[in-house]
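Take a look at the letters that make up each chain.
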Amino acid sequence: GDSSAVQDQLRNAQQVKASHAAFAAILSDRSVVSWGDAHFGGDSSQVQDQLKNVQQVAGGHAAFAAVIADGSVVTWQGRNFSDSSGLREQLLF
């Protein structure tokens, strides 16, 4: 995925995870930035306001899940995929 749109933010990346064709990074302020193919989770804009105090991120084929400091899990997936619950369960174990 082309990271040029988020290049400045990635200087503060603490962790980077990948899906099939997208990436998500936890930044030093514990927020998340994503990029790459939106069909594979590269667009996290719909949940961006929930991606604060992130402790961990996991990537699946076309989805990502983030564990928040309070123990909740936020997921987002590619435009053609509707279920990221398997990834949520994977993070909780």
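An account of the accompanying structure is given in this report. (Residues numbered from 1 in each chain as written. Predicted model: local features only at pLDDT ≥ 70, side-chain atom pairs only at ≥ 80, totals over all residues. Heavy atoms only, no water.)

## A short note on the nonpolar core
Put simply, the rule is: Definition used in this section: a nonpolar core is a set of buried Ala, Val, Leu, Ile, Met, Phe, Trp, Tyr and Cys residues joined via side-chain atoms within 4.5 Å. Whether a residue is buried, partly exposed or exposed follows from its accessible area with a 1.4 Å probe, protein chains only, as a fraction of its type maximum: under 20%, in between, or over 50%, in that order.
Counting 15 residues, the largest nonpolar core has Val32, Leu51, Val54, Val57 and Trp76 as its most contacted members. Membership of the second largest hydrophobic core comes to six residues, among which are Val6, Ala25, Leu27 and Val33.

## Let's talk about the pairing of strand S4 (residues 54-59)
Rule in force here: Only when DSSP finds a minimum of two bridges between them are two strands counted as paired. In this text, helices come from DSSP runs of H or I with a minimum length of four residues, and strands from runs of E with a minimum of two, each type numbered from the N-terminal end.
Across five bridges, S4 lies against strand S5 (residues 63-68) in antiparallel orientation. Its bridge partner being in S5, Val57 is matched across the sheet by Ala66. A loop of three residues connects S4 with S5, the two strands running antiparallel in sequence.

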